[in-house]
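The primary structure of each chain is shown beneath.
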Amino acid sequence: MPPSSGTSDSDAPRPARPTGWEPRDPTLSPPPPRTPQRRPRRLLRTLFGLLLLGTLLLFGAFAAGYLLVEIPPANSAALAQSNVYLYRDGSTLARDGEVNRENVRLDRVPHAVRQAVLAAEDRDFHTSRAVDPKAMVRAAWNTVTGKGRQSGSTITQQYVKNYYLGQEQTLTRKAKEFFIAIKLGREKSKEDILQGYLNTSYFGRNAYGLQAAARAYYGKDVEDLDTAEGAYLASVLKAPSAYDVTTHPENRAKAVARWNYVLDGMVKEGWLTRADRAAARFPTPQTARPATGLSGQRGYLVQAVEEYLTEHGIVDEKTLAGGGFRITTTLEPAKQDALVQAVEERVISKLDPARAAADRYVRVGAAAVDPASGKVLALYGGVDYTQQYVNNATRRDYQVGSTFKPFVFTAAVQSGAQTQQGEPITPYTVYDGSNRRPVEGWSGAPYDPANEDDASYGEIPVGAATDLSVNAVYAQMAVDVGPGHVRRTAVDLGLPGSTPDLTASPSIALGAATASVLDMATAYATLAAHGRHGTYSLVEGLSRDGQGIAVPTPASRQAVSREAADTTTAILRSVIETGTGTVAQAVGRPAAGKTGTAEDDKAAWFAGYTPELATVVALMGQDPESGRQEPLYGALGQARVSGGGTPAEIWAQFTRAALAGTAPRDFELQLMPGAEEPPPVPPLPDATDAADATDASAVRDASAARDTARDTSAAPDASAAPDPSGAPDGAPEGSYELGEAGPGAASRGPRPPRGTPGQ
């Protein structure tokens, strides 16, 4: 090997690269194409610019809003004024008086009561900012997605709304609330804001502020409230009227649940020990004591009108309580006076608690509705609003008794129902009226209702069973129709779907539901209007500061077929002519009605109507001290107070006076097939065999039974026949099934021959 020269091959000089084009080695792959680099950079720069611009705009809008929105003076609601209530003719009904408010320093409010309010409204108040954007977005999302309407407002924002702005739900108001709350959060301490909030919040009973609420609910000053009482007052902030358990006893369960929520929140935040929580008992508030300016019937009427406005979404409760409204009602002064006079003469003037202890328990409620328009023309809520605060015309805690039975028959006609033997249900259909007869065809628990005084009637037509209010017949009819159909028909006629104890079972026929007097008057008005129903109305006109406010006009609809309503009217006319309501004949004009008695005689009802006016009257038994429902045995000098007695007397006297000067009108009825007067029985041929003799005897027996029921008007012409679909005009498709029977009812078949059981 030649000796190394001391240099490597790499150090050797390389030949110079020739100028010009040099061929590419075909064995090498071509280089990848170059990707343009400018487009992604441009996109990133654009996005960054837009983000920066949006941030600057948002910051600018925030800065502009903060600078432009000033803290305004107190709004009118913070300095609330009276509302004026007018009768239909424009005469003054009532003024709701001065607003009840007394501001107090925060140091007068017990620490536990403050914490109860925070547990109910804003548990992070002391550590959070004046506004909570996340909560606002979350509340908006929950509202949009149907999880319930929520405000997402902090206590600071609620204080701003109460004192500086108003209750209207607009974006402008929310924006102002947002910026004013931020400024207040910077300018005022948490203690000042909480004090202002407690002094401006509405607690119901016309009480503004915690001090006024303490006096209104517990008759004590705010510093004397204990934790349980403070938790209840904190609970009512969410819905003052709904959670007032003395004015709405049916909502007690909801109020207690809200109270528990507040106390449990205090435990969770470490503000209340578990031992003290376990020892807490629900503090039932005292009976409300309204201003004397609402004495007599005025307070009941004002309360009913206020509930109508708020429940129908016309005006929210806090705005209405702020005052300044001029409200024209549908109430007519002459009819109102006539109703009060009838109750005074038939009940109040006869009460003597020294003679009969039961006279202490007597309460009266009444309501009159125009069937043509659904307008409420008169109400009687109690002896005096300043003495008995609960409105007996609108309360929903007394059983309606047998006044519910007509709804069962209406449902039977409406749905084309049949008996267990396949017999169509008409006024002449014969049922077994034996006492304690178990219902047939019901798949639930056995049910064998007792008739009044345990009377047995044997086989009896529906019309006569209505006259005598036979429980056994109507319990079986409810099963034949289907309790679900019965419930739906009652709601279609006018009872609220939320009526307590309106359950789809055989007992629904006996009136276990606790609808109000006004609810029942609305339903009976639908029957009087040939099955057309419109939501009742109590307000004709509304204005504030001279500006009119739209009041929706309730739309009417055909709730049940005319034949169903009119056939029901036909059998209810018989109740007054030959049944348990003969006292009502004193009205002196064509009328229909039904008597009713609650369980243990704790209430007695009469519901009746003429073509022009539907009125329901109820006497109720309630201990004035404990509030417990009591039987009316011995009241008014009577061994028993029945619906066909004093309630029917009040109804007849009032209706006669209310319609004085108007010519009597008869009902123009279109009856269902089979409800017309039965034809006379033809002479019987000589019996040729035992079977013929048996059939002839059955015909005579059935005809004799039918003759005991009231004769109804002649059969309608063919044009008056009911819609074969069985569904009322405007009813949802499929809401009724022709002839649907209750669970376990007998299958349909041909009409049985005369003489079979159940004929």
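Scroll up for the structure.
Predicted, not measured: the structure shown is a model, and the values here were computed from it.

This brings us to empty space enclosed by the protein. Under the criterion given, the structure shown has 4 cavities of 30 Å³ or more. As a volume, the largest cavity reaches approximately 120 Å³. Around the largest cavity, the lining is made up of 13 residues, and of these E307, E311, T394, R396 and Y536 lie nearest the centre. Those elements giving two or more residues to the lining of the largest cavity turn out to be α11 (298-311) and α18 (517-528). The element contributing the most residues to the lining of the largest cavity is α11, with 4 residues. Looking at side-chain class alone, the lining of the largest cavity contains 5 nonpolar, 3 polar and 5 charged residues.

Before going further, it helps to examine the layout of surface pockets. Approximately 730 Å³ is the volume attributed to the second largest pocket. Forming the walls of the second largest pocket are 32 residues, and the residues nearest its centre are E452, N471, T597, A598 and E599. It is strand β14 (residues 592-597) that provides the largest number of residues to the lining of the second largest pocket, a total of 4 residues. Among the residues forming the lining of the second largest pocket, the class breakdown is 7 nonpolar, 15 polar and 10 charged.

What follows deals with the sheet that holds strand β15 (residues 603-609). The antiparallel open sheet is built from 5 strands, whose spatial order is β7-β6-β16-β15-β14. The sheet is open, and its two borders are formed by β7 (376-380) and β14, each paired with just one other strand. Across this sheet, the average inter-strand angle for adjacent strands is 5°, counted without regard to direction. Across 6 bridges, the pairing between β14 and β15 is antiparallel.

Okay, the packing of helix α8 (residues 227-236) against helix α9 (residues 252-268) next. Viewed as axis vectors pointing N to C, α8 and α9 meet at an angle of 120°, and their least axial separation amounts to 8 Å. As far as their axial angle goes, α9 and α8 are oblique. With respect to the hand of their crossing, α8 and α9 are arranged in right-handed fashion. In this structure, α8 contributes T227, A228, A231, Y232 and S235 to the contact, and α9 contributes R258, W259, V262, L263 and M266. Residue classes in the contact of α8 with α9 are distributed as 7 nonpolar, 2 polar and 1 charged.

In a regular helix each residue adds 1.5 Å, so 12 residues correspond to 16 Å; α18 covers 16 Å between its end C-alpha atoms and thus fits that length. The element α18 is extensively covered by neighbouring structure, given that 12 of its 12 residues are classed as buried. Listed as buried for α18 are V517, L518, D519, M520, A521, T522, A523, Y524, A525, T526, L527 and A528.

The strand order across the open sheet built from 5 strands is β2-β1-β5-β11-β12, with neighbouring strands paired in mixed fashion. Both outer strands of the open sheet, β2 (92-95) and β12 (547-548), are each paired with one neighbouring strand and no more. Packed on one face of the sheet, α11 meets β1 (84-86), β2, β5 (325-329) and β11 (539-544) and runs near 80° to β2.

Here A555 is to be found in the loop between β12 and β13 (556-558). Taking the relative accessible area as the measure of exposure, A555 reaches 63% and is therefore exposed. For the pair A555 and Y536, spaced 19 residues apart in the sequence, the C-alpha separation amounts to 10.0 Å. With residues up to four places along the chain from it excluded, the contact list for A555 reads H533 and G534.

Okay, a nonpolar patch on the surface next. Taken together, the side chains of L43, L47 and L50 present a nonpolar region at the surface, about 310 Å² in accessible area. With respect to the helices, strands and loops of the structure, L43 is situated in helix α1 (residues 38-68). Using a relative accessible area of 52% as the deciding quantity, one classes L43 as exposed.

This part is about the packing of aromatic side chains. Per the stated rule, a full pass over the model turns up 13 aromatic pairs. Ring geometry for W259 and F282: centres 5.5 Å apart, planes at 90°, overall edge-to-face. Pair noted here: W259 is in helix α9 and F282 is in the loop between α10 (274-279) and α11, with a separation of 23 residues, a long-range link. Across the pair, exposure class does not vary: W259 and F282 are buried alike. Here Y300 and Y385 contribute two aromatic rings whose centre-to-centre distance is 5.3 Å and whose plane-to-plane angle is 85°, an arrangement assigned as edge-to-face. With a gap of 85 residues between them, Y300 in helix α11 and Y385 in the loop between β7 and α14 (405-415) connect regions that are remote in the sequence. Comparing Y300 with Y385, the two get one shared label, buried. Connected via pairs of aromatic rings, a cluster forms that spans Y217, Y218, Y232, W259 and F282.

This brings us to the nonpolar core. F404, F407 and M477 are the most contacted members of the largest nonpolar core, which has 94 residues in total. Broken down by element, this core gets its largest block of residues, 9 residues, from α18. When residues no more than four places from it in sequence are discounted, the contact partners of M477 are V408, F409, A412, I425, Y431 and V462. Formed by 49 residues, the second largest nonpolar core is a distinct cluster that contains Y159, A214, Y217 and Y232.

Counted by the stated rule, this structure contains 26 salt bridges. In this structure, R395 and D397 form a salt bridge, with 2.9 Å as the shortest nitrogen-oxygen distance. Neither R395 nor D397 differs from the other in exposure class; each is buried. The partner of E612 in a salt bridge is R589, with the nearest N and O atoms 3.6 Å apart. Placement of E612 in the loop between β15 and β16 (614-621) and of R589 in the loop between α19 (562-578) and β14 is noted, with a sequence separation of 23 residues between them. Neither residue differs from the other here; E612 and R589 are each classed as buried. Overlapping salt bridges bring together R88, E332, K335, K375 and E540 as one network.

Cut-offs and rules
- Residues numbered from 1 in each chain as written.
- Predicted model: local features only at pLDDT ≥ 70, side-chain atom pairs only at ≥ 80, totals over all residues.
- Heavy atoms only, no water.
- 1 Å grid on protein atoms, 1.4 Å probe; cavity = no way out; pocket = protein on both sides within 12 Å on 5 of 7 lines; lining within 4 Å.
- Points joined across faces, edges and corners; volume = space filled by probe spheres on them.
- Helix = DSSP H or I, 4+ residues; strand = E, 2+ residues; numbered from the N terminus.
- Nonpolar A, V, L, I, M, F, W, Y, C, P; charged D, E, K, R; others polar.
- Pairing = 2+ DSSP bridges.
- Axes fitted to C-alpha atoms, helices over the stretch in contact; angles between N-to-C directions.
- Parallel < 35°, antiparallel > 145°, perpendicular 65-115°, else oblique.
- Left-handed = near helix turned anticlockwise from the far one by under 90°.
- Contact = heavy atoms within 4.5 Å.
- Expected span 1.5 Å × (residues − 1).
- Buried < 20%, exposed > 50% of the residue type's maximum accessible area, 1.4 Å probe, protein only.
- Patch = residues over 30% accessible without salt bridge, like charges linked within 9 Å, V, L, I, M, F, W, Y side chains within 5 Å.
- Areas by Shrake-Rupley, 256 points an atom, 1.4 Å probe, with all protein chains shown as cover.
- Salt bridge = Lys/Arg side-chain N within 4 Å of Asp/Glu carboxyl O.
- Phe/Tyr/Trp six-rings, centres within 6.5 Å; stacked < 30°, edge-to-face > 60°.
- Core = buried A, V, L, I, M, F, W, Y, C linked by side-chain atoms within 4.5 Å.

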